[in-house]
Amino acid sequence: MNQEQFDRVKSGDGFIAALDQSGGSTPKALAAYGVSEDQYSSEEEMFDLVHEMRTRIMTDDAFNSDKILGAILFEQTMDRQVEGKYTATYLADKGIVPFLKIDKGLAEIENGVQVMKDIPNLDDLLARANERGIFGTKERSNILELNPDGIKKVVSQQFDLAKKVIAAGLVPIVEPEVNIHAEDKAEIEEVLKQEILKELDQLADDQVVMLKLTLPSVDNAYKELVDHPQVLSVVALSGGYSIDEANDKLRRNEGVIASFSRALTNALRASQSDEDFHNELKTAIDTIYDASVNKEV
């Protein structure tokens, strides 16, 4: 583990950019960027285009360590280069901590949740992440209903995987997302918090995780998690909220910073001039940073 990066995530001001759309979400990300499916004819061309989009973001002057602590990458992004350097090295040289999305998508809905699919060749992937200079990983599940058994299964799977990541010398971002449209969302979040606390209390002193959680319905609902000694940082996903709504909710949650994807890139378009692209990206970064560090509590 890189101690300098660890200290930066723990104590630095800023937020974590999520640039990890993959597989089925890539066409949607490109469409939002103004690149339609008829503009590419193969998966290879699709991933080339999304790497061009991410490169444009990462190389923009607004995307810097003054306000961005880290960035979450898709596996192909990790294995590609930006300005002649592997992506994680490029980011680290800018003072931005690199993370890697390692989950392979979600299983079908069962007991009101979607657990992660199996991750083939996990050990090899984690070894390659270390070789590429990755600091930590991110792995997502999805909770749609108030089903205690399902929620417990999600959290158990997440922490089983987290321990493997820790054993590999990386810091896991545990992400049991709660769907923002779920009925009984506040009740789901309370059950989720209690299950996470049980798992955190069983970690050894040298086992540390990060948590990526949906912005809660009750302000500061996750304060116990923020304050837990085994939690390096709690970050929030935008989850489909607009950037204004996400930032408003974020400001009301002490100790939680952003890890936004759609809210960060929603105003960016392939057709924009470099100046317009820069201005839109800078505006998003400035507002997300402000909501991450300036709280209303």
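Analysis parameters
- The written sequence of each chain sets the order in which its residues are numbered from 1.
- Reporting in this predicted model follows two pLDDT cut-offs: at least 70 for local features of residues, and 80 or more for side-chain atom pairs to be given and counted; totals over whole chains, interfaces and linings ignore these cut-offs and use all residues.
- As a rule here, side-chain values cover all heavy atoms of the structure and leave hydrogens and water aside.
- UniProt positions are given in the numbering used here, feature names are shortened, and annotations may be inferred rather than shown by experiment.
- A helix here means a DSSP run of H or I that spans at least four residues, while a strand means a run of E at least two residues long, and both kinds are numbered starting from the N terminus.
- Only C-alpha atoms enter the radius of gyration; for comparison, a globular chain is expected to reach 2.2 Å times N to the power 0.38, where N is the number of residues.
- Throughout this description, buried means an accessible area under 20% of the type-specific maximum (1.4 Å probe, protein chains only), exposed means over 50%, and partly exposed covers the range between.
- Residue burial considers only the protein chains on display, and all accessible areas are found by Shrake-Rupley using a 1.4 Å probe.
- All tallies of charge rest on Lys and Arg as positive and Asp and Glu as negative; His and the ends of each chain are not included.
- To locate a charge, the coordinates of NZ of Lys, CZ of Arg, CG of Asp or CD of Glu are taken.
- As used here, the term nonpolar core means buried Ala, Val, Leu, Ile, Met, Phe, Trp, Tyr and Cys residues forming a set that is joined through side-chain atoms within 4.5 Å.
- Only heavy atoms enter the contact rule, under which two residues are in contact if any of them lie within 4.5 Å.
- To estimate how far a helix should extend, the number of its residues minus one is multiplied by 1.5 Å.
- Starting at the helix axis, one direction is taken to each C-beta atom, and the arc is that of these directions.
- Any two of the Phe, Tyr and Trp rings considered here, Trp counted by its six-membered ring, make a pair once their centres fall within 6.5 Å; the pair's planes then place it as stacked at under 30 degrees, edge-to-face at over 60, or tilted in between.

- In the annotation of an unreviewed UniProt entry, the chain is listed under the name fructose-bisphosphate aldolase and assigned to Aerococcus sanguinicola.
- Here is the UniProt Pathway (unreviewed entry) comment for the chain, exactly as written: "Carbohydrate degradation; glycolysis; D-glyceraldehyde 3-phosphate and glycerone phosphate from D-glucose: step 4/4."
- Taken directly from UniProt, the Sequence similarities (unreviewed entry) text for the chain runs: "Belongs to the class I fructose-bisphosphate aldolase family."

### Brief notes about the overall build of the chain
At step 1: Regarding its fold elements, the chain presents 12 helices and 11 strands.
At step 2: Whereas a compact globule of 297 residues would reach a radius of gyration of roughly 19 Å, the chain reaches 18 Å, a difference of no more than 12%.
At step 3: Principal-axis analysis of the C-alpha atoms places the extent of the chain at approximately 50 × 40 × 40 Å.
At step 4: Per-residue burial for the chain yields a buried fraction of 53% across its 297 residues.
At step 5: Within the structure as shown, the chain displays about 12,900 Å² of accessible surface, and the carbon and sulfur contribution to it stands at 42%.
At step 6: Where the 32 positive side-chain charges of the chain centre and where its 55 negative ones centre are 1 Å apart.

### What about the nonpolar core?
At step 1: Core analysis: the biggest nonpolar cluster contains 81 residues, and Phe63 and Leu211 have the highest contact counts within it.
At step 2: Per-element accounting of this core gives the leading share, 8 residues, to helix α7 (residues 148–167).
At step 3: If sequence neighbours within four positions are ignored, Leu211 has contacts with Phe159, Ile173, Val174, Ile196, Leu225, Val231, Ser233, Val234 and Val235.
At step 4: Formed by 16 residues, the second largest nonpolar core is a distinct cluster that contains Val9, Ile72, Val97 and Ile257.

### Brief notes about helix α12 (residues 274–293)
At step 1: Spanning 20 residues, α12 covers 28 Å between terminal C-alpha atoms, matching the ideal 28 Å at 1.5 Å per step.
At step 2: The set of residues buried in α12 consists of Phe277, Leu281, Ala284, Ile285, Ile288, Tyr289, Ala291 and Ser292. In an axial view of α12, the angular spread of the buried residues amounts to 165°, which keeps them on one side of the axis.
At step 3: Residues of α12 that are buried sit in contact with β1 (15–19), α3 (43–59), β2 (68–73), α10 (243–251), β11 (256–258) and α11 (262–265).

### Regarding α10
At step 1: Taken residue by residue, α10 has Ala246, Asn247, Lys249 and Leu250 as its buried positions. Each buried residue of α10 lies within a common arc of 165° when the element is viewed along its axis, so the set occupies one face.
At step 2: In the core, the buried residues of α10 are packed alongside β10 (231–237), β11 and α12.

### Things to note about the packing of aromatic side chains
At step 1: By the definition in use, this model includes 2 aromatic pairs.
At step 2: Consider the rings of Phe99 and Phe135, whose centres lie 5.6 Å apart with planes at 85°: the pair is edge-to-face. Placement of Phe99 in strand β5 (residues 97–101) and of Phe135 in the loop between α6 (122–132) and β7 (136–143) is noted, with a sequence separation of 36 residues between them.
At step 3: Judged by relative accessible area, which is 0%, Phe99 ranks as buried.

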